[in-house]
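Fold and geometry: a report
So the chains spell out like this:
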Amino acid sequence: MPSERKPSPNEDEFFAKRDADLMKAQRARLDAARDAEERHSHYMKCPKCGGLLRATVFHHVKIDRCPDCNGVWLDAGEMEQLEKVREGKVDGFVKSLFGLAR
Ligand SMILES: [Zn+2]
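Calculation criteria
- Residues numbered from 1 in each chain as written.
- Predicted model: local features only at pLDDT ≥ 70, side-chain atom pairs only at ≥ 80, totals over all residues.
- Helix = DSSP H or I, 4+ residues; strand = E, 2+ residues; numbered from the N terminus.
- Buried ≥ 20, exposed ≤ 12 C-beta atoms within 10 Å, placed from the backbone.
- Contact = placed C-beta atoms within 7 Å.
- Pairing = 2+ DSSP bridges.
- Expected span 1.5 Å × (residues − 1).
- pLDDT = per-residue confidence, 0-100.

Another point: the overall build of the chain. In terms of regular secondary structure, the chain is built from three helices and three strands. Going residue by residue from the N terminus, the α and β elements of the chain occur as α-β-β-β-α-α. Across the 102 residues that make up the chain, the buried fraction comes to 3%. In the chain, the share of contacts with a sequence separation of at least 24, taken over all contacts with a separation of at least 6, comes to 19%.

Right under this line is the structure:
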């Protein structure tokens, strides 16, 4: 005859473990929510001065520029796109990026 197994030989131990697991899961959900809120609060904010970044297109490459400190931020792959800008245009492109030429 198969023996019916209790969740734990000690009932208090079973409930303590269950409560600990529930608290761990709740803590993980709260940490994830806090992380998401923190990330959202930084979205499109300049990491240097906190200004609101504006998406701007230069030579068909979308870049994010801070209107407050003129910082420029590139997303993944944008640096590689910039490398493809014709060599003759690079100097003018970099100057236009920083508002030095127009
Ligand atoms: Zn800035």
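Additional details are given in the paragraphs that follow.
With that out of the way, let us pick up the sheet that holds strand β2 (residues 61–65). The sheet built from three strands is open, its strands ordered β1-β2-β3 with antiparallel pairing. Here the strands that pair on one side only, and so sit at the sheet edges, are β1 (54–58) and β3 (72–73). Pairing analysis gives two bridges linking β2 to β3, with the strands arranged antiparallel. Among the inter-strand pairings, Asp-64 is bridged to a residue of β3, identified as Trp-73.

The next point concerns helix α1 (residues 11–42). Its 32 residues give α1 an end-to-end C-alpha distance of 47 Å, which sits within 8% of 46 Å, the value for a rise of 1.5 Å per residue. Counting buried positions over the 32 residues of α1 gives zero, only a small fraction of the element. In the stretch just after α1, Met-44 is the one whose phi turns positive, near 60°.

Once that is clear, we can look at the environment of Cys-46. When you line up the elements, Cys-46 lands in the loop between α1 and β1. Given 21 C-beta atoms within a 10 Å radius, Cys-46 is considered buried. In this structure, the C-alpha to C-alpha distance between Cys-46 and Asn-70, residues 24 residues apart in sequence, is 9.6 Å. If we ignore the near neighbours within four places in the chain, the residues touching Cys-46 are Gly-51, Leu-53, Cys-66, Asp-68, Cys-69 and Gly-71.

Below, the discussion takes up the environment of Gly-51. Relative to the helices and strands, Gly-51 resides in the loop between α1 and β1. Remark: the alpha-carbon pair of Gly-51 and Asp-68, spanning 17 residues in sequence, is separated by 6.0 Å. Those residues in contact with Gly-51, other than ones at most four positions away along the chain, are Cys-46, Cys-66, Pro-67, Asp-68 and Cys-69.

Attention shifts here to the confidence of the model for the chain. Scored by pLDDT, the chain comes out at a mean of 84, with 75% of its residues at no less than 70. For the chain, helix α3 (residues 87–97) is the element with the lowest average pLDDT, namely 61, and α1 is the one with the highest, namely 95.

Take unusual backbone geometry next. Glycine aside, negative phi is the norm for most residues, and most peptide bonds take the trans geometry. Not every positive phi belongs to a glycine, and His-60 is a case in point at roughly 70°. At Asn-70, a residue that is not glycine, the phi angle is positive and equals roughly 65°. Secondary-structure assignment places Asn-70 in the loop between β2 and β3. Classification of Asn-70 as partly exposed rests on a count of 14 C-beta atoms within 10 Å.

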